[in-house]
Amino acid sequence: MKVVFERPKSLQLTKTHYCPGCGHGIVHRMVAEVIDEFDIQEKTIGIAPVGCSVLAYNYFDIDMQQAAHGRAPAVATGIKRVLPDRIVFAYQGDGDLASIGTAEIVHAAGRGENITVIFINNAIYGMTGGQMAPTTLVGQKTETSPYGRDPRMAGYPIKVCEMLSVLDGPAFIARVALTDVKNILKAKTLIKKAFQMQMENRGFSLVEVLSPCPTNWGMTPNDAMKWVNDEMTKVFPPGVYKESREVLE
Ligand SMILES: Cc1ncc(C[n+]2csc(CCOP(=O)(O)OP(=O)(O)O)c2C)c(N)n1
Ligand code: SF4
(Lines give C-alpha, C1' and ligand atoms only; values in the text may rest on other atoms or scores of the structure.)
(Ligands and ions follow the chains in the order given, each with its own letter.)
Protein backbone atom coordinates (compact mmCIF):
# COMPACT_ATOMS: atom_id res chain seq x y z
CA MET A 1 0.00 0.00 0.00
CA LYS A 2 1.28 3.47 -0.85
CA VAL A 3 2.16 5.51 2.24
CA VAL A 4 0.54 8.94 2.02
CA PHE A 5 1.09 10.25 5.54
CA GLU A 6 3.98 9.66 7.94
CA ARG A 7 5.32 11.00 11.20
CA PRO A 8 8.34 13.24 10.51
CA LYS A 9 11.46 11.51 11.80
CA SER A 10 12.39 14.67 13.75
CA LEU A 11 9.33 14.12 15.95
CA GLN A 12 9.41 11.56 18.77
CA LEU A 13 6.97 8.66 18.60
CA THR A 14 4.97 9.82 21.62
CA LYS A 15 1.67 11.41 22.58
CA THR A 16 1.71 15.13 23.40
CA HIS A 17 -0.05 16.74 26.34
CA TYR A 18 -1.65 19.44 24.19
CA CYS A 19 -5.41 19.98 24.32
CA PRO A 20 -7.56 19.00 21.33
CA GLY A 21 -7.48 21.81 18.78
CA CYS A 22 -4.32 23.43 20.17
CA GLY A 23 -1.96 24.99 17.62
CA HIS A 24 1.27 23.86 19.28
CA GLY A 25 1.02 20.31 17.91
CA ILE A 26 0.43 21.55 14.37
CA VAL A 27 3.43 23.85 14.52
CA HIS A 28 5.65 21.16 16.05
CA ARG A 29 4.87 18.95 13.11
CA MET A 30 5.69 21.67 10.58
CA VAL A 31 9.00 22.50 12.23
CA ALA A 32 9.89 18.78 12.24
CA GLU A 33 8.96 18.45 8.57
CA VAL A 34 11.21 21.41 7.71
CA ILE A 35 14.09 19.85 9.66
CA ASP A 36 13.56 16.57 7.78
CA GLU A 37 13.32 18.28 4.40
CA PHE A 38 16.59 20.16 4.95
CA ASP A 39 18.09 16.92 6.35
CA ILE A 40 19.46 18.80 9.39
CA GLN A 41 18.16 16.59 12.22
CA GLU A 42 21.69 15.85 13.42
CA LYS A 43 22.74 19.50 13.55
CA THR A 44 19.63 21.31 14.73
CA ILE A 45 19.32 22.54 18.32
CA GLY A 46 15.94 23.71 19.62
CA ILE A 47 15.34 25.91 22.65
CA ALA A 48 12.27 24.98 24.70
CA PRO A 49 10.41 27.85 26.39
CA VAL A 50 8.16 28.11 29.42
CA GLY A 51 4.42 27.83 28.83
CA CYS A 52 2.43 24.97 27.38
CA SER A 53 5.26 24.08 24.98
CA VAL A 54 7.76 23.67 27.82
CA LEU A 55 7.81 19.95 27.09
CA ALA A 56 8.84 20.48 23.46
CA TYR A 57 12.08 18.70 24.34
CA ASN A 58 10.05 15.50 24.77
CA TYR A 59 8.47 15.85 21.35
CA PHE A 60 11.25 16.84 18.96
CA ASP A 61 13.81 14.17 18.16
CA ILE A 62 16.72 16.60 18.01
CA ASP A 63 19.06 18.18 20.56
CA MET A 64 17.08 20.52 22.82
CA GLN A 65 17.97 22.99 25.57
CA GLN A 66 15.49 24.36 28.13
CA ALA A 67 15.64 28.12 28.73
CA ALA A 68 14.37 30.06 31.72
CA HIS A 69 11.36 32.34 31.30
CA GLY A 70 11.77 34.62 28.27
CA ARG A 71 15.46 33.85 27.88
CA ALA A 72 15.26 31.55 24.85
CA PRO A 73 16.75 34.14 22.42
CA ALA A 74 19.71 34.67 24.73
CA VAL A 75 20.28 30.92 25.12
CA ALA A 76 19.94 30.49 21.34
CA THR A 77 22.45 33.31 20.82
CA GLY A 78 24.99 31.65 23.08
CA ILE A 79 24.63 28.24 21.46
CA LYS A 80 24.79 29.62 17.92
CA ARG A 81 27.88 31.69 18.66
CA VAL A 82 29.70 28.73 20.17
CA LEU A 83 28.48 26.27 17.53
CA PRO A 84 27.96 28.37 14.38
CA ASP A 85 27.60 25.32 12.12
CA ARG A 86 24.40 24.25 13.96
CA ILE A 87 20.89 25.38 13.09
CA VAL A 88 19.43 26.92 16.24
CA PHE A 89 15.80 27.81 16.80
CA ALA A 90 13.85 29.12 19.78
CA TYR A 91 10.19 28.18 20.19
CA GLN A 92 8.23 30.64 22.34
CA GLY A 93 4.68 31.57 23.36
CA ASP A 94 3.45 35.14 23.68
CA GLY A 95 3.71 35.30 27.47
CA ASP A 96 7.26 34.01 27.21
CA LEU A 97 8.37 36.16 24.26
CA ALA A 98 6.29 39.34 24.40
CA SER A 99 6.04 39.78 28.17
CA ILE A 100 8.63 38.00 30.26
CA GLY A 101 11.33 38.11 27.55
CA THR A 102 10.57 41.40 25.74
CA ALA A 103 14.11 42.68 26.18
CA GLU A 104 15.67 39.40 25.05
CA ILE A 105 13.79 39.23 21.76
CA VAL A 106 14.27 42.92 20.89
CA HIS A 107 18.01 42.79 21.47
CA ALA A 108 18.54 39.43 19.72
CA ALA A 109 16.68 40.86 16.71
CA GLY A 110 18.56 44.15 16.91
CA ARG A 111 21.88 42.31 16.97
CA GLY A 112 20.77 40.35 13.93
CA GLU A 113 21.69 37.07 15.61
CA ASN A 114 21.72 34.25 13.10
CA ILE A 115 18.97 32.31 14.86
CA THR A 116 15.34 31.45 14.05
CA VAL A 117 12.41 32.12 16.39
CA ILE A 118 9.05 30.40 16.10
CA PHE A 119 6.61 32.60 18.01
CA ILE A 120 3.21 31.15 18.94
CA ASN A 121 0.70 33.93 19.56
CA ASN A 122 -2.48 32.57 21.15
CA ALA A 123 -3.42 35.90 22.80
CA ILE A 124 -3.32 34.36 26.28
CA TYR A 125 -1.15 32.66 28.88
CA GLY A 126 -2.08 29.05 28.17
CA MET A 127 -0.22 26.96 30.72
CA THR A 128 -0.96 28.99 33.83
CA GLY A 129 -4.71 29.16 33.40
CA GLY A 130 -5.58 31.78 30.81
CA GLN A 131 -4.43 35.11 32.19
CA MET A 132 -4.21 38.23 30.01
CA ALA A 133 -1.10 38.34 27.81
CA PRO A 134 0.54 41.32 26.06
CA THR A 135 -1.17 40.03 22.91
CA THR A 136 -4.68 39.75 24.41
CA LEU A 137 -7.11 41.68 22.20
CA VAL A 138 -8.93 44.78 23.44
CA GLY A 139 -12.21 43.53 24.88
CA GLN A 140 -11.05 39.92 25.13
CA LYS A 141 -12.16 38.15 28.30
CA THR A 142 -9.50 36.26 30.21
CA GLU A 143 -9.08 35.05 33.79
CA THR A 144 -7.55 38.41 34.73
CA SER A 145 -9.77 40.54 32.48
CA PRO A 146 -13.21 39.01 33.11
CA TYR A 147 -14.97 42.08 31.67
CA GLY A 148 -12.69 42.18 28.62
CA ARG A 149 -9.27 43.82 28.22
CA ASP A 150 -9.69 47.52 28.93
CA PRO A 151 -6.94 49.58 27.27
CA ARG A 152 -7.32 52.32 29.89
CA MET A 153 -6.16 49.85 32.51
CA ALA A 154 -4.18 47.27 30.56
CA GLY A 155 -2.94 49.06 27.45
CA TYR A 156 -3.02 47.71 23.93
CA PRO A 157 -1.84 44.44 22.33
CA ILE A 158 1.86 44.36 21.45
CA LYS A 159 2.46 43.72 17.75
CA VAL A 160 5.73 41.84 17.65
CA CYS A 161 6.25 41.61 13.86
CA GLU A 162 5.54 45.31 13.33
CA MET A 163 7.83 46.22 16.24
CA LEU A 164 10.79 44.07 15.18
CA SER A 165 10.58 44.81 11.47
CA VAL A 166 11.68 48.44 11.96
CA LEU A 167 15.04 47.20 13.29
CA ASP A 168 17.99 46.77 10.93
CA GLY A 169 19.05 43.41 12.39
CA PRO A 170 16.30 41.02 11.27
CA ALA A 171 16.52 39.29 7.90
CA PHE A 172 13.05 37.77 7.86
CA ILE A 173 9.94 38.62 9.87
CA ALA A 174 6.56 37.14 8.97
CA ARG A 175 3.16 36.37 10.49
CA VAL A 176 0.71 33.65 9.53
CA ALA A 177 -2.57 32.37 11.00
CA LEU A 178 -3.49 28.72 11.57
CA THR A 179 -7.00 29.10 10.23
CA ASP A 180 -7.36 26.51 7.51
CA VAL A 181 -5.39 24.07 5.39
CA LYS A 182 -4.21 26.79 2.99
CA ASN A 183 -2.79 28.92 5.79
CA ILE A 184 -1.31 25.94 7.58
CA LEU A 185 0.59 25.14 4.37
CA LYS A 186 1.63 28.79 4.17
CA ALA A 187 2.91 28.59 7.74
CA LYS A 188 5.11 25.69 6.74
CA THR A 189 6.50 27.66 3.78
CA LEU A 190 7.33 30.63 6.02
CA ILE A 191 8.93 28.44 8.70
CA LYS A 192 11.04 26.80 6.00
CA LYS A 193 12.07 30.21 4.69
CA ALA A 194 13.06 31.32 8.20
CA PHE A 195 15.31 28.27 8.59
CA GLN A 196 16.75 28.88 5.14
CA MET A 197 17.65 32.46 6.07
CA GLN A 198 19.70 31.13 8.96
CA MET A 199 21.34 28.48 6.77
CA GLU A 200 22.37 31.27 4.36
CA ASN A 201 23.85 33.25 7.29
CA ARG A 202 21.49 36.15 6.73
CA GLY A 203 20.76 36.73 10.41
CA PHE A 204 17.71 36.85 12.62
CA SER A 205 14.46 35.31 11.40
CA LEU A 206 11.09 35.08 13.16
CA VAL A 207 7.74 33.60 12.20
CA GLU A 208 4.74 34.55 14.32
CA VAL A 209 1.94 32.00 14.18
CA LEU A 210 -1.57 33.05 15.26
CA SER A 211 -2.71 29.92 17.00
CA PRO A 212 -5.83 28.70 18.83
CA CYS A 213 -6.04 27.94 22.55
CA PRO A 214 -9.57 26.47 22.69
CA THR A 215 -9.26 25.52 26.35
CA ASN A 216 -8.55 28.96 27.76
CA TRP A 217 -10.70 30.75 25.23
CA GLY A 218 -13.60 28.50 26.30
CA MET A 219 -14.37 27.52 22.72
CA THR A 220 -14.64 24.39 20.65
CA PRO A 221 -11.63 23.75 18.39
CA ASN A 222 -13.68 24.77 15.35
CA ASP A 223 -14.88 28.02 16.92
CA ALA A 224 -11.33 28.77 18.08
CA MET A 225 -10.01 28.44 14.52
CA LYS A 226 -12.78 30.75 13.39
CA TRP A 227 -11.93 33.27 16.12
CA VAL A 228 -8.30 33.34 14.96
CA ASN A 229 -9.58 34.11 11.47
CA ASP A 230 -12.31 36.59 12.38
CA GLU A 231 -10.75 38.48 15.30
CA MET A 232 -7.02 37.90 15.70
CA THR A 233 -6.07 38.60 12.08
CA LYS A 234 -7.73 42.04 12.30
CA VAL A 235 -5.35 43.08 15.05
CA PHE A 236 -2.38 41.02 13.86
CA PRO A 237 -2.49 41.07 10.06
CA PRO A 238 -0.68 38.12 8.46
CA GLY A 239 2.06 38.88 5.95
CA VAL A 240 5.79 39.17 5.38
CA TYR A 241 6.95 42.19 7.36
CA LYS A 242 10.60 42.12 6.44
CA GLU A 243 12.72 40.16 4.00
CA SER A 244 16.11 41.63 3.37
CA ARG A 245 19.55 42.17 4.81
CA GLU A 246 22.78 41.38 3.06
CA VAL A 247 25.11 38.68 4.34
CA LEU A 248 27.82 40.25 6.52
CA GLU A 249 31.31 38.88 5.82
C1 LIG B 1 8.88 35.68 35.71
C2 LIG B 1 7.71 34.72 35.60
N3 LIG B 1 6.56 35.17 35.13
C4 LIG B 1 5.55 34.31 34.96
C5 LIG B 1 5.66 32.98 35.29
C6 LIG B 1 4.57 31.97 35.16
N7 LIG B 1 4.47 31.36 33.87
C8 LIG B 1 5.05 30.21 33.51
S9 LIG B 1 4.52 29.67 32.00
C10 LIG B 1 3.56 31.03 31.84
C11 LIG B 1 2.64 31.21 30.69
C12 LIG B 1 3.33 31.34 29.40
O13 LIG B 1 2.39 31.55 28.40
P14 LIG B 1 2.76 31.62 26.90
O15 LIG B 1 4.20 31.97 26.74
O16 LIG B 1 1.78 32.51 26.24
O17 LIG B 1 2.64 30.13 26.39
P18 LIG B 1 1.35 29.20 26.24
O19 LIG B 1 1.22 28.47 27.54
O20 LIG B 1 0.18 30.06 25.92
O21 LIG B 1 1.72 28.29 25.12
C22 LIG B 1 3.66 31.87 32.95
C23 LIG B 1 2.92 33.13 33.13
C24 LIG B 1 6.84 32.56 35.80
N25 LIG B 1 6.99 31.27 36.13
N26 LIG B 1 7.87 33.45 35.97
S1 SF4 C 1 -4.02 25.40 27.33
FE2 SF4 C 1 -4.13 26.30 25.27
S3 SF4 C 1 -1.98 26.55 24.57
FE4 SF4 C 1 -2.03 25.11 26.32
S5 SF4 C 1 -2.15 23.05 25.41
FE6 SF4 C 1 -4.24 23.69 25.88
S7 SF4 C 1 -5.00 24.68 24.00
FE8 SF4 C 1 -2.75 24.54 23.86
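Below is a summary of the structure that appears in this document. Remember, it's a predicted structure, so these values are computed and weren't measured experimentally.

Now for the site of ligand 2. In the vicinity of ligand 2, the contacting residues are Y18, C19, C22, H24, C52, N122, G126, C213, P214, T215 and N216. Take the shell around ligand 2: its biggest share by element is three residues, from helix α9 (residues 214–217). Considering only residue class, the shell around ligand 2 consists of six nonpolar, five polar and no charged.

Next up on the list: the site of ligand 1. Surrounding ligand 1, one finds 16 residues, the nearest of these being H24, C52, H69, D96 and G126. H24 places a polar side-chain atom, nitrogen or oxygen, 2.8 Å from an oxygen atom of ligand 1. Separating a nitrogen atom of ligand 1 from a side-chain N or O atom of H69 is a distance of 2.7 Å. Bound to the protein, ligand 1 loses 75% of the 590 Å² it would expose on its own. Tallying contributions element by element places helix α4 (residues 94–100) first for the shell around ligand 1, with four residues. Here the residues of the shell around ligand 1 sort into six nonpolar, eight polar and two charged.

Within helix α5 (residues 102–111), burial applies to I105, A108 and A109. Taken end-on, α5 shows its buried residues confined to a sector of 95 degrees, consistent with a single buried face. The exposed set on the far side of α5, more than 90 degrees from its buried face, consists of A103 and H107. Along its buried surface, α5 packs onto α3 (72–82), β3 (87–93), α4, β4 (116–121), α7 (160–165) and β6 (205–210). Downstream of α5 by a residue or two, G112 has a phi angle that is positive, lying close to 65 degrees.

Calculation notes
Residues numbered from 1 in each chain as written. Chains lettered and ligands numbered in written order. Predicted model: local features only at pLDDT ≥ 70, side-chain atom pairs only at ≥ 80, totals over all residues. Heavy atoms only, no water. Near = heavy atom within 4 Å. Helix = DSSP H or I, 4+ residues; strand = E, 2+ residues; numbered from the N terminus. Nonpolar A, V, L, I, M, F, W, Y, C, P; charged D, E, K, R; others polar. Polar contact = N/O pair within 3.5 Å; in protein donor to acceptor, adjacent residues only side chain to side chain. Areas by Shrake-Rupley, 256 points an atom, 1.4 Å probe, with all protein chains shown as cover. Buried < 20%, exposed > 50% of the residue type's maximum accessible area, 1.4 Å probe, protein only. Arc of directions from axis to C-beta. Contact = heavy atoms within 4.5 Å.

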